[in-house]
Amino acid sequence: MEILLAIMTGILYAAGIYMMLRRSLVKLIIGIVILGNGVNLLIFLMGGLAKGRPPLIPEDGTALEGIFADPVPQALILTAIVISFGLQSFAIVLIKRAYKVLKTDDIDAMNKTDDIT
Amino acid sequence: MSEHLIIYPIIVHLLTAILLLFFWMNPKIQRAISIVGSAVGIVIGGLLFQRVWADGIQSIQMGNWDAPFGISMVADTLAVSLIVLTNIVAFAISIYSTQNMVSSRVKFGYYAIFHFLIMGLSGAFITGDLFSLYVWFEVIIISSFVLLTIGGRAIQIEGAVKYFTLNMLSSIIFLTGIAMVYGATGSLNMAELSRIIPEIENKGLVHTISLIFFIGFGVKSGVFPLYFWLPASYHTPPAAVSALFAGLLTKVGIYAMIRVFTLIFPLGEINQMILMIVAGFTIFFGGIGALVQKDIQRVFSYLIICHIGFMVGGLSLFTEVAIVGAVMYMFHDIIVKATLFMISGVMYRIFGHTKLDKMGGLMDNYPRLSFLFVIPMLALVGVPPLSGFWPKVSLFTASYTQGEIFMLIMFIFASLITLVIIAKVWNSTFSKKKIDVEKRPRFKYFEDFSFAEKTAYVLPIILLVGFTLYYSFFAEHFQMIAERIGEELMNTEHYYNAVFGIKEVSKL
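Residues numbered from 1 in each chain as written. Chains lettered and ligands numbered in written order. Predicted model: local features only at pLDDT ≥ 70, side-chain atom pairs only at ≥ 80, totals over all residues.

1. Quick look at the overall build of chain A
What chain A contains, in helices and strands, is three helices and zero strands. Tracing chain A from N to C terminus, the helices and strands come up as α-α-α. The C-alpha atoms of chain A give 20 Å as radius of gyration, which overshoots the globular expectation for 117 residues (13 Å, by more than 25%). The principal-axis extent of the C-alpha atoms belonging to chain A is close to 75 × 25 × 25 Å. (Helix = DSSP H or I, 4+ residues; strand = E, 2+ residues; numbered from the N terminus. Rg over C-alpha atoms; globule rule 2.2 N^0.38 Å.)

2. Some thoughts on the overall build of chain B
Across its full length, chain B holds 21 helices and two strands. Relative to the globule expectation of 23 Å for 508 residues, the C-alpha radius of gyration of chain B, 22 Å, shows essentially globular dimensions. Viewed in the frame of its principal axes, chain B has a C-alpha envelope of about 70 × 55 × 45 Å. Residues counted as buried form 60% of the 508 residues belonging to chain B. Sequence separation of at least 24 residues holds for 80% of the intrachain contacts in chain B that already meet a minimum separation of 6. (Buried ≥ 20, exposed ≤ 12 C-beta atoms within 10 Å, placed from the backbone. Contact = placed C-beta atoms within 7 Å.)

3. What about the confidence of the model for chain B?
In this model, chain B carries an average pLDDT of 89, and 99% of its residues clear a pLDDT of 70 or more. Across the interfaces of the predicted complex, the ipTM metric reaches 0.93, alongside a pTM of 0.93. (pLDDT = per-residue confidence, 0-100.)

4. Quick word on the environment of Pro9 of chain B
Turning to its location among the elements, Pro9 of chain B is positioned in helix α1 (residues 8-21). Beyond its immediate sequence surroundings of up to four residues, Pro9 of chain B is in contact with Gly41, Ile44, Gly45, Leu48, Ile83 and Ser122 of chain B.

5. Topic: helix α7 (residues 154-185) of chain B
All names here are of chain B. Here α7 contains 32 residues, and its C-alpha end-to-end distance of 46 Å stays within 8% of the 46 Å for a straight helix at 1.5 Å per residue. Counting buried residues in α7 gives 26 out of 32 residues, a clear majority hidden from the surface. Gly186, located one to two residues past α7, shows a positive phi value of around 80 degrees. (Expected span 1.5 Å × (residues − 1).)

6. What about the interface of chain B and chain A?
Contacts between chain B and chain A engage 30 residues on the former and 29 residues on the latter. Elements with a contribution of two residues or more to the side of chain B that touches chain A: α6 (130-149), α7 and α10 (229-233) of chain B.

7. A short note on unusual backbone geometry
All names here are of chain B. Cis geometry is found at the peptide bond from Pro384 to Pro385, where omega equals 5 degrees. Among the structural elements, Pro385 can be located in the loop between α16 (367-381) and α17 (389-401). Non-glycine residue Asn64 carries a positive phi angle of around 60 degrees. Take Asn64: it is sitting in the loop between β1 (58-61) and β2 (72-75). The class for Asn64 is exposed, based on 7 C-beta atoms found within 10 Å.

8. With respect to the nonpolar core
All names here are of chain B. In this structure, Val89, Ile178, Ala243, Leu315, Val327 and Ala338 are the most contacted members of the largest nonpolar core, which totals 212 residues. At 20 residues, helix α14 (residues 320-351) tops the list of elements feeding residues into this core. The contact partners of Ile178, leaving out residues within four places of it in the chain, are Leu130, Phe131, Tyr134 and Leu188. (Core = buried A, V, L, I, M, F, W, Y, C linked by C-beta atoms within 7 Å.)

9. Remarks on the environment of Ala338 of chain B
Residue and element names in this part refer to chain B. Mapped onto the elements, Ala338 comes out in helix α14. Sequence-wise, Ala338 and Leu20 are 318 residues apart; in three dimensions their C-alpha atoms are separated by 24 Å. Setting aside its immediate chain neighbours within four residues, Ala338 contacts Val89, Ala92, Ala243, Ala246, Gly247 and Leu464.

10. Describing the packing of helix α12 (residues 269-292) of chain B against helix α18 (residues 405-431) of chain B
Residues and elements named next belong to chain B. For the pair α12 and α18, interaxial distance at closest approach is 10 Å and the crossing angle is 15 degrees. By the criterion of interaxial angle, the relationship of α12 to α18 is roughly parallel. α18 is crossed by α12, and the crossing has left-handed handedness. For the pair formed by α12 and α18, the contact residues are Met276, Ala279, Gly280, Ile283, Phe284, Gly287, Ala290 and Leu291 on the first element and Phe406, Met407, Met410, Phe413, Ala414, Ile417, Val420 and Ile421 on the second. Considering only residue class, the contact of α12 with α18 consists of 14 nonpolar, two polar and no charged. (Axes fitted to C-alpha atoms, helices over the stretch in contact; angles between N-to-C directions. Parallel < 35°, antiparallel > 145°, perpendicular 65-115°, else oblique. Left-handed = near helix turned anticlockwise from the far one by under 90°. Nonpolar A, V, L, I, M, F, W, Y, C, P; charged D, E, K, R; others polar.)

Quick look at the structure:
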């Protein structure tokens with residue numbers, strides 16, 4: 001399972017970066033979304049996988065015993081997902097606006113701010 | 001109540017921002033609230049600084065969850081000094097924005113977002129948890145995206161696309177680093193990490209993680225191969241926003257770098273070399289970039305990059321003296337860079353554009369303003385006794401005594417090229433004869449301003465220049481603060497003890 005998730009994370013990173021290097025604005029955003037998902041999966045993987053062992057303290061105990069699923073990465077992922085959701089919605093509005101005012105979705109054509117004039 | 005003083009700098013700006021949301025459509029009230037909020041921020045920052053100065057590093061555990069389980073907030077001298085400076089700059093920009101930001105932009109929530117940004121900065125300085133640092137970084141960048149695009153001119157949107165993409169990418173890289181740290185150690189508390197990381201057997205892994213962090217923070221602070229978003233976007237928004245970004249945003253990247261590379265991953269030989277090369281190239285390309293630019297705001301943007309090299313270079317030398325120099329340089333740079341962008345805003349109002357080759361005659365027409373403007377410019381070059389000179393003493397000494405001749409040469413190169421650039425700016429704006437450019441219709445020039453409007457533009461510059469002069473003539477105060485910071489940063493047990501509530505035996 002870990003191997004599978006590790007490969008999956010690698011694929012998501014590679015796909016995300018590949019998409020970000022394309023010239024289209026829309027593909028840029030898709031690349032960021034995919035990369036964001038890749039990093040979430042990585043956090044999940046890094047916490048270690050423990051199947052069917054919820055982090056619940058037994059009724060007669062006072063502390064967690066044995067192997068249990070780490071709840072921290074899941075909290076981290078949740079936070080990261082919410083943040084990236086906000087950023088992605090901003091990004092989508094931004095590219096819509098950019099397309100409207102710049103009349104292009106080709107990143108190579110966006111070079112007005114770098115002119116030396 | 002008073003033990004919560006640590007988080008008050010965050011809360012002040014949060015409350016101010018919330019209050020501002022209630023006056024969405026009323027720019028006048030918003031302006032007043034913002035100025036008052038920033039002033040309260042300075043007072044609270046000062047109180048916190050006093051507390052930390054007197055009693056040592058303060059810490060608080062959020063929700064009373066003991067470290068390392070909860071999120072710790074730690075105020076050490078570096079963090080509180082930066083909070084005070086942040087609030088001073090925020091106060092000046094609050095005043096500056098009253099005229100620089102037109103009402104229609106204020107109605108899009110400029111001030112509220114501005115205070116959210118300052119809140120994010122304060123949080124990033126105080127937090128003692130890596131993931132929480134990531135969250136504060138996100139607060140900062142989300143706010144900065146909005147500030148950058150408010151107004152929605154084509155050039156702003158274009159700059160924002162570049163700014164957005166690279167900052168987003170750097171956040172993802174930072175988060176990757178966090179995931180790997182958690183995987184390797186099972187903790188995200190910075191103080192605890194400072195104890196766990198040296199015990200990890202797999203040094204290669206630690207090394208890799210530290211470089212992932214370096215790339216993440218490097219994009220944010222604008223170091224050599226990663227800075228291209230900065231000159232592409234910083235000149236697009238109104239001067240108030242540029243001043244805020246120039247003064248504070250890149251510095252928070254440097255702060256994170258200093259924190260992570262002293263506390264969690266103390267620099268090894270290889271990392272030191274990497275940082276040194278990066279710093280050298282940052283100085284070189286920033287300087288050369290600034291030299292060829294013909295737009296005053298773009299010149300200043302490249303100068304930001306050039307001077308980031310000083311701080312990264314100081315960090316890379318990694319001795320107490322060098323860190324003192326880097327931190328002192330940071331203090332100086334925050335104030336002066338914000339001032340310079342404010343000045344560029346005034347020049348835009350005077351000339352109607354920001355092109356250097358069409359400016360001129362400032363000295364003849366505005367002698368007093370010229371005198372005011374020349375102080376931060378000379379301070380930037382580092383003319384003694386102005387503020388840029390003092391940090392360089394430490395930096396030069398450190399690089400010379402450690403035999404790092406490459407770094408020493410780059411520092412000298414940076415000073416010289418800054419001098420050349422400032423001379424060029426001086427020539428084309430102040431001493432050259434005035435060039436008659438066709439006046440823009442429906443554009444309010446500086447000469448048409450009423451006294452109150454002029455004051456709103458010039459008063460914040462006077463404030464910050466006053467601070468620069470204070471820094472210049474009482475540099476020993478800053479030296480004292482920076483030495484204490486250097487001591488705290490190089491001896492991580494102070495930080496560790498403060499977070500875990502271990503009483504320190506006084507060194508008598």
